[in-house]
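Secondary and tertiary structure notes
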Amino acid sequence: SVISVDGFTLTAVTPGTSTITVTAEGLSDEVEITVSARPVLSSVAISNETELTKDWYVGEARTVQVAYDPADHFNGTNTPAELTSDDEDILAVDGMSLEAVGTAKITVTAGGKSDEISLTVLPFTAPELTVSAETLKGMEDTAIPIPTATATACDGKDLSYEVKVFRGGNGG
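Figured I'd write up the structure that's included with this text. (Residues numbered from 1 in each chain as written. Predicted model: local features only at pLDDT ≥ 70, side-chain atom pairs only at ≥ 80, totals over all residues. Heavy atoms only, no water.)

**Brief notes about the overall build of the protein**
The helix and strand inventory of the protein stands at 1 helix and 15 strands. Within the protein, the proportion of its 172 residues that are buried is 23%. Restricting the contact set of the protein to residue pairs at least 6 apart, pairs at least 24 apart contribute 38%. Approximately 12300 Å² of the protein is accessible, and the part contributed by carbon and sulfur atoms is 50%. (Helix = DSSP H or I, 4+ residues; strand = E, 2+ residues; numbered from the N terminus. Buried < 20%, exposed > 50% of the residue type's maximum accessible area, 1.4 Å probe, protein only. Contact = heavy atoms within 4.5 Å. Areas by Shrake-Rupley, 256 points an atom, 1.4 Å probe, with all protein chains shown as cover.)

Below, the structure is given as structure tokens:
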């Protein structure tokens, strides 16, 4: 049977078509019901790979987003995903926190389907700032060498630095 009937509750049993008839006080009505095969999960994918593969530093946390196909039948509520790391010492998946420098592969699995991505955790280095002179002294109408300043961000990128010289005293 395509549909089982228990009082006024109908339960789909198998794919096919069935006619349901309701009768009351000599009157009746019927409806044809088609039961389709349950959709099959085709794939799961890590949908925010671009964000996840940007530079990561120890102590940062990110969230993995999962896409299901077909999305109109599957989601994180009816098909929960499990996230694993091949090296929990580098990348702990409880909250996706980064524990140490290195590379780890994370895998998301749901409904027997999976996707994976390798992520590299970079060392955090303290920013650096170097200035060649602390104060400038000179006489009016005399050339004064401007100090140079270099700055490096914690990710190793060079930061531009602008030196502004203001005249002291009343003229500001």
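From this point, things continue past the structure.
**Regarding the side chain of threonine 107**
With respect to the helices, strands and loops of the structure, threonine 107 is situated in strand β11 (residues 102-110). Once residues lying within four places of it in the same chain are set aside, the contact partners of threonine 107 are Glu82, Leu83, Thr84, Ser114, Asp115 and Glu116.

**Here we look at unusual backbone geometry**
With glycine set apart, most residues show a phi of negative sign, and most peptide bonds adopt trans. With an omega of 5 degrees, the peptide bond between aspartate 69 and proline 70 qualifies as cis. By secondary structure assignment, the location of proline 70 is in the loop between β7 (66-69) and β8 (82-85).

**Overview of the environment of glutamate 30**
Locating glutamate 30 in the fold gives a position in strand β4 (residues 27-35). By relative accessible area, glutamate 30 is classed as exposed at 54%. Between the C-alpha atom of glutamate 30 and that of isoleucine 20, which follows or precedes it by 10 residues, the distance is 5.4 Å. Apart from the residues lying within four places of it in its own chain, the contact partners of glutamate 30 are Thr19, Ile20 and Thr21.

**Regarding the nonpolar core**
Grouped together as the largest cluster of nonpolar side chains are 13 residues, with contacts concentrated most on Ile46, Leu52, Leu91, Ile106 and Leu119. Ignoring any residue separated from it by four or fewer positions in sequence, one finds isoleucine 46 in contact with Leu52, Val64, Gln65, Ile106, Val108, Asp115, Glu116 and Ile117. One finds Leu41, Val44, Phe74 and Ala110 within the second-largest nonpolar core, a separate group that totals 5 residues. (Core = buried A, V, L, I, M, F, W, Y, C linked by side-chain atoms within 4.5 Å.)

**Focus on the sheet that holds strand β6 (residues 56-57)**
A sheet is described by the order of its strands in space; here 4 strands give the open sequence β6-β12-β11-β8, paired in mixed fashion. Edge positions in the sheet fall to β6 and β8, since each has one partner strand and no second. In terms of strand pairing, β11 meets strand β12 (residues 113-122) through 9 bridges, oriented antiparallel. Across the sheet, valine 108 pairs through a bridge with aspartate 115, a residue of β12. (Pairing = 2+ DSSP bridges.)

**Considerations on the pattern of salt bridges**
Two side chains of opposite charge can pair, provided their charged atoms sit close to one another. With the rule as written, the count across this model stands at 1 salt bridge. Ionic pairing is found between glutamate 116 and lysine 105, a salt bridge with its closest N-O pair at 3.8 Å. Of this pair, glutamate 116 sits in strand β12 while lysine 105 sits in strand β11, placing them 11 residues apart in sequence. (Salt bridge = Lys/Arg side-chain N within 4 Å of Asp/Glu carboxyl O.)

**Some details on the pairing of strand β2 (residues 9-12)**
One ladder, built from 4 bridges, connects strand β1 (residues 3-6) with β2; its direction is antiparallel. Paired with aspartate 6 across the two strands is threonine 9, which belongs to β2.

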